[in-house]
Amino acid sequence: TEDAAKGDAEEGGEKKKEKKAAKKQKKQQAKAAAGAANAENTPLLSDAAEAAENGTGEPGGKKKKGPKDDDIKTHMANERTFFKWLFFGFHIGAMGTFILTFF
């Protein structure tokens, strides 16, 4: 009786494995069919391949900061500071002209 019970349990386990394998195969076929139907809308490059090609290092378009980015940021900050001082100088000159003219 114990041997018969073991045999029944083994057959049940094999049937479960077969059912799992069949389900897995159906899912893969469904994915393949969906992928073929959606092939027109998918990009030619994956995110990882696109990141490697663009030199960003990360998928999703996130760029790593490099020396060029820092140089550009520094240049723009210096330009903003220069213009602020320039406008400040014009305002000081305008106030001085106003004071000399009306007082």
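Calculation notes
Residues numbered from 1 in each chain as written. Predicted model: local features only at pLDDT ≥ 70, side-chain atom pairs only at ≥ 80, totals over all residues. Heavy atoms only, no water. Helix = DSSP H or I, 4+ residues; strand = E, 2+ residues; numbered from the N terminus. Buried < 20%, exposed > 50% of the residue type's maximum accessible area, 1.4 Å probe, protein only. Areas by Shrake-Rupley, 256 points an atom, 1.4 Å probe, with all protein chains shown as cover. Phe/Tyr/Trp six-rings, centres within 6.5 Å; stacked < 30°, edge-to-face > 60°. Patch = residues over 30% accessible without salt bridge, like charges linked within 9 Å, V, L, I, M, F, W, Y side chains within 5 Å. Salt bridge = Lys/Arg side-chain N within 4 Å of Asp/Glu carboxyl O. Lys, Arg positive; Asp, Glu negative; His and termini not counted. Charge placed at Lys NZ, Arg CZ, Asp CG, Glu CD. pLDDT = per-residue confidence, 0-100.

Trainee: I keep staring at the overall build of the protein chain and nothing clicks. Help me out?
Mentor: Within the protein chain, the secondary structure is distributed over 3 helices and 0 strands. Along its sequence from the N terminus, the protein chain presents helices and strands in the succession α-α-α. Each of the 103 residues in the protein chain was classed as buried or not, and the buried ones make up 2%. As displayed, the protein chain offers around 9800 Å² of accessible surface, 60% of which is attributable to carbon and sulfur atoms.

Trainee: What should I look at first to understand the packing of aromatic side chains in this one?
Mentor: Note on aromatic pairs: each is described by the distance of the centres and the angle between the planes. One pass over the structure, following the stated rule, counts 5 aromatic pairs. Judged by centre distance (6.5 Å) and plane angle (25 degrees), the ring pair of Phe83 and Phe87 falls under stacked. A residue pair is termed a helical-turn pair when its members lie 3 or 4 positions apart in one helix, as Phe83 and Phe87 do in helix α3 (residues 67-102) at 4 residues. The exposure class assigned to Phe83 is partly exposed, which follows from its relative accessible area of 35%. Look at Phe87 and you get partly exposed, because its relative accessible area is 47%. With 6.4 Å between their ring centres and 80 degrees between their planes, Phe98 and Phe103 make a pair best called edge-to-face. Look at Phe98 and you get partly exposed, because its relative accessible area is 47%.

Trainee: Whenever I open this one, a positive patch on the surface confuses me. Can you help?
Mentor: A grouping of Lys15, Lys16, Lys19, Lys20, Lys23, Lys27 and Lys31 is seen on the molecular surface, where their side chains present a positively charged patch. Locating Lys31 in the fold gives a position in helix α1 (residues 2-37).

Trainee: Any chance you could explain the confidence of the model for the protein chain here in plain terms?
Mentor: For any part of a model where pLDDT is low, the fine detail of the predicted coordinates should not be relied upon. In this model, the protein chain carries an average pLDDT of 77, and 57% of its residues clear a pLDDT of 70 or more. Least confident of the elements in the protein chain is helix α2 (residues 47-54), whose mean pLDDT is 60; most confident is α3, at 94.

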